[in-house]
Amino acid sequence: MKRKPLIIGELRAERPLIQGGMGVGISLSRLAGAVAREGGIGMISTAQIGFREPEFERAPIDTNLRCIGKELEKARELAPRGVIGCNIMVATRRYEDYVRAAARAGADLIASGAGLPAKLPELTEGFRTKLAPIVSSLKAASVICKLWDRHYKTAPDLVIVEGPEAGGHLGFDEETLSRLETLDYGKEIRGIMAHVRRYEEKYGKRIPVVAAGGIYTMADADYYLEELEVDGIQVATRFVTTEECDAPMAYKQAYLDAKKEDIVITKSPVGMPGRAIKNRFLEEAGRARKPAKKCLQCLEKCNPKETPYCITEALVNAAKGKIQDALLFCGAKAYLADRIETVHEVMADLM
């Protein structure tokens, strides 16, 4: 079966698959470029993107802003004709600067969640960058469409619906996450699709809806693309255990070693539930506070004096292969990973 291409205005991805953004340092130019080269949409996470640079600790935000362009350029070298974008969390400190930096650097697409990207059209005015809010509910989709319609006379170019089986920070409460087996999230996706259609009519443009969260197998892809008839899927966890993923081998091995019972819901320092692999770090963080050594300016609402641990430090440790001292974000089906694949193999299987 040949999948229909994902078309976002003048952008065209021959394979309707977006590689989800994974920070810190997990989805950078190598992974994004490889996915784009295979006909999907490669996404670079801007979360602490410059952590490997020598000046990062002294000037983290300025370093990150400079590295956005560098990573996009490297991804373009791998996929000159591919579609490449940036994933930027609304919760990021100086969010506006990150968005402008990505647009100036030529990102084809900006996907933005972890909060409502209310001002995204204003921040990218004058650029051809396509805009994709990431939402988890019909209520959130309705709010963002209404705000953009009222204040900017526009609508999203794409809507990404991230479900409760996703990795990292989640837009759901713990009670909802505890009853995944009985949750009919397809109903929520259908509601969002119907809502978005109203704005298609008003603005005379097609607004694709992409499903995300827990998509790992061909059967998962078939469910969303064929049964729910979404326009595309977003996949992140499956790409971690690829040769091209920017993560170190120790990080990938943690996925290969993980069993279903090792994947847990934890509370992040910013108060949101998140999904991660159980390890020594999580056990110690649950027993006592780990004071931040230095504030690295990652999240707008983080208070270093109160936070249970520094999330940047924990995620940088993961990206450097210090697995037992790291926060290992993952999707609900990470335990299915049993070997290192190539991006080509993953794309061929899902598409």
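Residues numbered from 1 in each chain as written. Predicted model: local features only at pLDDT ≥ 70, side-chain atom pairs only at ≥ 80, totals over all residues. Heavy atoms only, no water.

Visitor: Provide a residue-level description of the pattern of salt bridges, including the pertinent values.
Guide: On inspection of all chains with the given rule, the structure shows 28 salt bridges. Between aspartate 222 and arginine 3 there is a salt bridge whose closest N-O contact spans 2.7 Å. Placement of the pair is aspartate 222 in helix α8 (residues 218-227) and arginine 3 in the segment before β1 (6-8), with a sequence separation of 219 residues. Residue classification places arginine 3 among the buried residues on the basis of a relative accessible area of 8%. Note that arginine 206 is salt-bridged to glutamate 200, the shortest N-O span being 2.7 Å. Overall, arginine 206 belongs to the partly exposed group, its relative accessible area being 43%. With relative accessibility at 13%, the residue glutamate 200 sits in the buried group. Ionic contacts of the salt-bridge type, sharing partners, join the residues Arg238, Arg339, Glu341, Glu345 and Asp349 into one network. (Salt bridge = Lys/Arg side-chain N within 4 Å of Asp/Glu carboxyl O. Helix = DSSP H or I, 4+ residues; strand = E, 2+ residues; numbered from the N terminus. Buried < 20%, exposed > 50% of the residue type's maximum accessible area, 1.4 Å probe, protein only.)

Visitor: Help me get a handle on the sheet that holds strand β9 (residues 168-169), residues and values and all.
Guide: Strand order in the open sheet formed by 3 strands is β9-β13-β12, and the pairing between neighbours is antiparallel. The outermost strands of the open sheet, each flanked by one partner alone, are β9 and β12 (263-267). In the sheet, β12 pairs with strand β13 (residues 273-277) via 5 bridges, with the strands oriented antiparallel. Bridge pairing in β13 places valine 264 opposite alanine 276. (Pairing = 2+ DSSP bridges.)

Visitor: Any chance you could break down unusual backbone geometry for me, citing the residues and the numbers?
Guide: Peptide bonds are trans in most cases, and residues, glycine excluded, mostly fall at negative phi. Here the bond from glycine 23 into valine 24 is cis, since omega is 5 degrees, no more than 30 degrees from zero. Within the fold, valine 24 resides in the loop between β3 (17-19) and α1 (29-37). Of note, the phi angle at arginine 94 is positive, near 60 degrees, even though the residue is not glycine. Residue position: arginine 94 is located in the loop between β5 (83-87) and α3 (95-104). Of the residues examined, arginine 94 reaches a relative accessible area of 35% and is grouped as partly exposed. With phi around 55 degrees, glutamine 297 is a residue other than glycine that occupies positive phi space.

Visitor: An account of a negative patch on the surface is requested, with residue identities and associated values reported.
Guide: Taken together, Glu96, Glu122, Glu125 and Glu300 make up a surface patch of like negative charges. With respect to the helices, strands and loops of the structure, glutamate 122 is situated in helix α4 (residues 120-123). (Patch = residues over 30% accessible without salt bridge, like charges linked within 9 Å, V, L, I, M, F, W, Y side chains within 5 Å. Areas by Shrake-Rupley, 256 points an atom, 1.4 Å probe, with all protein chains shown as cover. Lys, Arg positive; Asp, Glu negative; His and termini not counted. Charge placed at Lys NZ, Arg CZ, Asp CG, Glu CD.)

Visitor: Explain the packing of α1 against helix α2 (residues 60-78) residue by residue, including any values.
Guide: α2 packs onto α1 with a crossing angle of 35 degrees between their chain directions and a minimal axis gap of 8 Å. As for the relative orientation of α1 and α2, their crossing is right-handed in sense. Contact with α1, carried on its side by Ser29, Arg30, Gly33 and Arg37, involves Glu71, Lys74, Ala75 and Leu78 of α2 and no other residues of that element. In terms of residue class, the contact of α1 with α2 is built from 2 nonpolar, 2 polar and 4 charged. (Axes fitted to C-alpha atoms, helices over the stretch in contact; angles between N-to-C directions. Left-handed = near helix turned anticlockwise from the far one by under 90°. Contact = heavy atoms within 4.5 Å. Nonpolar A, V, L, I, M, F, W, Y, C, P; charged D, E, K, R; others polar.)

Visitor: Residues and numbers for the environment of leucine 65, please.
Guide: The residue leucine 65 is located in helix α2 in this model. Classification of leucine 65 as buried rests on a relative accessible area of 19%. Considered as a pair, leucine 65 and aspartate 231 are 166 residues apart in the sequence and their alpha carbons are 32 Å apart. The residues contacting leucine 65, other than those within four sequence positions of it, are Arg94, Asp97, Tyr98 and Ala101.

Visitor: Could you give an account of the pairing of β13, with specific residues and numbers?
Guide: Consecutive side chains along a regular strand alternate between the two faces of the sheet. Of all 5 residues in β13, 5 are buried; the element is thus mostly enclosed. The alternating pattern of β13 places Pro273, Arg275 and Ile277 on one face and Gly274 and Ala276 on the opposite face, and all of these are buried. Here β9 pairs with β13 via 2 bridges, running antiparallel. In the sheet register, glycine 168 faces β13, and the bridge partner there is arginine 275. Connecting β12 to the next strand, β13, in antiparallel fashion are 5 residues, including glycine 271 with a positive phi near 85 degrees.

Visitor: Explain the nonpolar core residue by residue, including any values.
Guide: Leu17, Ile68, Ile189, Ile233, Phe239 and Tyr251 are the most contacted members of the largest nonpolar core, which totals 83 residues. Contacts of isoleucine 68, omitting those with residues within four sequence positions, involve Thr46, Ile49, Cys86, Tyr98, Ala101 and Ala102. Of all hydrophobic cores here, the second largest spans 19 residues; its members include Ala276, Leu296, Leu299 and Phe329. (Core = buried A, V, L, I, M, F, W, Y, C linked by side-chain atoms within 4.5 Å.)

Visitor: A description of the pairing of strand β4 (residues 41-45) should follow, citing residues and the corresponding values.
Guide: Taken across its 5 residues, β4 has 5 buried, putting it largely inside the fold. The sheet contact formed by β4 and β5 spans 5 bridges and is parallel. Directly across from isoleucine 41, in β5, lies its bridge partner valine 83. On the question of chirality, the crossover connecting β4 to the parallel β5 by way of α2 is right-handed. (Right-handed = clockwise from strand over helix to strand, strands pointing away.)

Just distances and angles here, no functional claims.
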